[in-house]
Amino acid sequence: MFPESFTVSIAQPINDFVDWLVINYGDWFELFSDGLLVILVALEGFFRDAPWWFVLLLIGLVAYGASRSIRLALGLVALSFLMGVLGLWDEAMQTLALMLVATSIAVLVGLPFGILLSRSDKTRVIGLPILDAMQTLPSFVYLIPALMLFGLGKVPAIIATVIYAVPPVIRLTDLGLRQVNKEVLEAADAFGATPGQRLWKVELPLALPSIMAGINQATMMALSMVVIASMIGNRGLGQEVLLGINTLDVGRGAAAGLAIVAMAIVLDRTTQAYARRIQISRGEP
């Protein structure tokens, strides 16, 4: 037995901190939750109300715009069509809406923090262990504070998904900016570029392939979170998997899993194709 005199409990201080947040800033959390819910419901309503063929056409156009490949665009449209064939079109549209919102927030949060880490070695020393912890903690852990602060439903699912998916964006933004050729930066300084101009017109464009890889990884991690997020009331493909588990319905779980795989391939190939186009346009191998 480990000596009890050496043990320290962190559970009560954390619970007290969460209670303090709810008591003092509950109205702010509710306001944020309502605003986020409006965006998600609007996007979800668009995908669910739009004709299925229109959504497929939109996916094909986005895929072709990213890859300039008709073959890839048709392949991704076929995979999206599969989700409807499996009888999971409505659930897939709900999941797609959550994915787009969560990934967008992860990018908006991750880019500034990635830039901050690339600017300061001291900040990086502090930030990297935090990112390690965020990627190592079981994803179930993120559901607890999200549930306490935002209650059941779609918003805590988005928050938990963002926390789980944001580390790759931060890491690869930091890595991409640190790998920018120093001679190019010196040339920008020699031409009188301000720090802001150097960041937006030189560093970020050159680091864009790495940033796109981070966005790709964040998208995949967010999609892997949809099943877990269904445990706190989020509907969609994750809920179908959860219902399959609860009822021991292997076929239902397999169909939902196949739809998730199809969506993952569509999102992955689209972001990868866009990243390759950026590299080719810059003459990179």
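Residues numbered from 1 in each chain as written. Predicted model: local features only at pLDDT ≥ 70, side-chain atom pairs only at ≥ 80, totals over all residues. Heavy atoms only, no water.

A. Summary view of the packing of aromatic side chains. Under the criterion given, the structure shown has 6 aromatic pairs. With a centroid separation of 6.1 Å and an interplanar angle of 50°, the aromatic rings of W52 and F81 are classed as tilted. Placement of W52 in helix α2 (residues 52-67) and of F81 in helix α3 (residues 70-85) is noted, with a sequence separation of 29 residues between them. Ring plane angle 85° and centroid distance 6.3 Å describe the contact between W53 and F54, whose orientation is recorded as edge-to-face. Grouping aromatic residues by their ring pairs yields a cluster made of F46, F47, W53 and F54. (Phe/Tyr/Trp six-rings, centres within 6.5 Å; stacked < 30°, edge-to-face > 60°. Helix = DSSP H or I, 4+ residues; strand = E, 2+ residues; numbered from the N terminus.)

B. Main features of the environment of L36. Residue position: L36 is located in helix α1 (residues 11-49). The exposure class assigned to L36 is buried, which follows from its relative accessible area of 6%. A sequence separation of 65 residues divides L36 from V101, and the C-alpha atoms of the two residues are 8.8 Å apart. Residues within four places of L36 in sequence aside, it is in contact with V101, I105, V155, I158 and I159. (Buried < 20%, exposed > 50% of the residue type's maximum accessible area, 1.4 Å probe, protein only. Contact = heavy atoms within 4.5 Å.)

C. Layout of the pattern of salt bridges. Under the defined criterion, the tally for this structure stands at 12 salt bridges. In this structure, R119 and E203 form a salt bridge, with 2.8 Å as the shortest nitrogen-oxygen distance. With a gap of 84 residues between them, R119 in helix α4 (residues 89-119) and E203 in helix α9 (residues 195-224) connect regions that are remote in the sequence. The class of R119 is partly exposed, set by a relative accessible area of 41%. Looking at E203, the relative accessible area reads 2%, which means it is buried. Put simply, E44, R48, D90 and K154 are held in one network by salt bridges that share partners. (Salt bridge = Lys/Arg side-chain N within 4 Å of Asp/Glu carboxyl O.)

D. Structural context of the packing of α1 against helix α7 (residues 154-178). Axis separation between α1 and α7 bottoms out at 9 Å; the angle between their running directions is 95°. Between α1 and α7, the crossing angle belongs to the class labelled roughly perpendicular. The residues of α7 that touch α1, namely those facing F32, S33, L36, L37, L40 and E44, are K154, V155, I158 and I159. Partitioned by chemical class, the residues of the contact of α1 with α7 number 7 nonpolar, 1 polar and 2 charged. (Axes fitted to C-alpha atoms, helices over the stretch in contact; angles between N-to-C directions. Parallel < 35°, antiparallel > 145°, perpendicular 65-115°, else oblique. Nonpolar A, V, L, I, M, F, W, Y, C, P; charged D, E, K, R; others polar.)

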